[in-house]
Amino acid sequence: MLRFLVRRTLGAVVILLFISAFTFFLFFAIPHDPALLSCGKNCTPENLKIIHHNLGLDHPVPVQYYLFMVRIFTGHHFAAGNCPAPCFGYSFAHSELVWPTLMDRLPTTLSLAAGAMVVFLLFGLGTGMLAAWKRGTLIDKTFSSVSLVLSSMQIYFIGPLVLALVVYNNQIFDQPKYVPLTQNPAAWFNGLFIPWCVLSILFTANYTRMARSTMLEQLQEEHVRTARAKGMSSRYVFFRYAWRGSLIPIVTILGIDLGSLLGGAMITEYTFQLAGLGQLALDSVTHTDLPMLMGVMLFSAFMIVLFNIVVDAVYAFIDPRIRLS
């Protein structure tokens, strides 16, 4: 297990370095001057030169990238103030340090993504396994048909539609908003309930079909047929043997889907005007704000890589036949 974790950690470092370098150099391939965002309307060449120096933009791009990566771990002192480690720089557009801004937006994105994951896992796995249990019946056909329809739904379509139906026209729910969980749990749940449902629709449909197919495959495995031949009840065999084995491919896909979940969270935040990392990333692209964009990209990539390492480590606990070496 230790060798596995070390190997995956080294691989994660390489991936993060590649993502950071690709994003950094691609940013400077666009013809623009990010210092103009901090200079203001009445910008003079002298002021622009000072801002270039203060932000380190007077160095060659490879040197800027090296300094950016080093300062993440060592910190840096800007003209606007001290930036302790982890220092992702000073935002051109927001005139504030990147890391505190990321930490301020992070709870919104985590609440949205985690809540949607709980919703689609509960409903997706539940309906998929129920469809497999009732294979060939009306329940199976209904769930399969509904999941096929929902899999074609997209957030940018279903989000405004749900808002129009249950918020603007009928006032069934209030306008979605983020309230910190520690401040008011009930308001936190009510404010994110609609975004959770919208974000989880596509995933619920996919996991319904996936859970059904993997469960049916497991029911045909040799160890499941042996358990039935020994006289064990169908219910016991279903939940004790088939259900546990079907989780392996589902956990695998869940680790891969984390990136899609965060991408969907970005669109969902924009649709419902939630101030999370996704909204921050879109604003950074619009304003060509490299430090903020780099911070969002690196932090999101780190979370995805970390989650995939955790998912791989969980395999051994789900199925003892798997060995991580």
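Higher on the page you've got the structure.
What comes next concerns the included structure.

## Section: the overall build of the chain
Working step 1: Scanning the chain from N- to C-terminus turns up twelve helices and two strands.
Working step 2: Structurally, the chain occupies a C-alpha span of about 85 × 55 × 35 Å along its principal axes.
Working step 3: Looking at the chain as a whole, 42% of its 325 residues are labelled buried.
Working step 4: Element-wise, carbon and sulfur atoms account for 68% of the exposed surface of the chain, whose accessible area totals about 17,600 Å².
Working step 5: Between the averaged position of the 21 positive side-chain charges in the chain and that of its 16 negative side-chain charges there is a distance of 16 Å.

## Describing unusual backbone geometry
Working step 1: Between Ala 85 and the following residue, Pro 86, the backbone shows a cis peptide bond with an omega angle of -5°.
Working step 2: In this fold, Pro 86 is placed in the loop between β2 (81-83) and α5 (98-133).
Working step 3: The backbone phi angle of Gln 273 is positive, close to 55°, even though this residue is not glycine.
Working step 4: Here Gln 273 lies in the loop between α10 (234-272) and α11 (277-286).
Working step 5: Residue Gln 273 is classed as exposed on the basis of its relative accessible area, which comes to 56%.

## A look at the state of the cysteines
Working step 1: The tally for this structure, following the rule as stated, stands at one disulfide.
Working step 2: In this model, Cys 83 is linked to Cys 87 through a disulfide, with the two sulfur atoms separated by 2.1 Å. The sign of the S-S torsion, about 120°, decides the handedness of the disulfide formed by Cys 83 and Cys 87: right-handed. The pair Cys 83 / Cys 87 is uniform in exposure class, with both members buried.

## Quick notes on the pattern of salt bridges
It is possible for side chains of opposite charge to pair when their charged atoms get near one another.
Working step 1: For the structure on display, the rule yields one salt bridge.
Working step 2: Asp 140 serves as the salt-bridge partner of Arg 212, at 2.7 Å between the closest nitrogen and oxygen. Here Asp 140 lies in helix α6 (residues 138-150) and Arg 212 lies in helix α8 (residues 185-219), a separation of 72 residues in the sequence.

## A few points about a nonpolar patch on the surface
Working step 1: Residues Tyr 156, Phe 157, Leu 161, Leu 165, Met 266, Ile 267, Tyr 270 and Leu 282 make up a contiguous nonpolar surface patch of roughly 770 Å² in combined accessible area.
Working step 2: For the nonpolar patch, the elements supplying multiple residues, two or more each, are α7 (155-169) and α10.
Working step 3: Looking at the nonpolar patch, the element that brings in the most residues is α7, giving four residues.
Working step 4: In this structure, Met 266 sits in helix α10.

The rules we used
- Residues numbered from 1 in each chain as written.
- Predicted model: local features only at pLDDT ≥ 70, side-chain atom pairs only at ≥ 80, totals over all residues.
- Heavy atoms only, no water.
- Helix = DSSP H or I, 4+ residues; strand = E, 2+ residues; numbered from the N terminus.
- Buried < 20%, exposed > 50% of the residue type's maximum accessible area, 1.4 Å probe, protein only.
- Areas by Shrake-Rupley, 256 points an atom, 1.4 Å probe, with all protein chains shown as cover.
- Lys, Arg positive; Asp, Glu negative; His and termini not counted.
- Charge placed at Lys NZ, Arg CZ, Asp CG, Glu CD.
- Disulfide = S-S within 2.5 Å.
- Salt bridge = Lys/Arg side-chain N within 4 Å of Asp/Glu carboxyl O.
- Patch = residues over 30% accessible without salt bridge, like charges linked within 9 Å, V, L, I, M, F, W, Y side chains within 5 Å.

As far as function goes, none of this settles anything; it's purely spatial.
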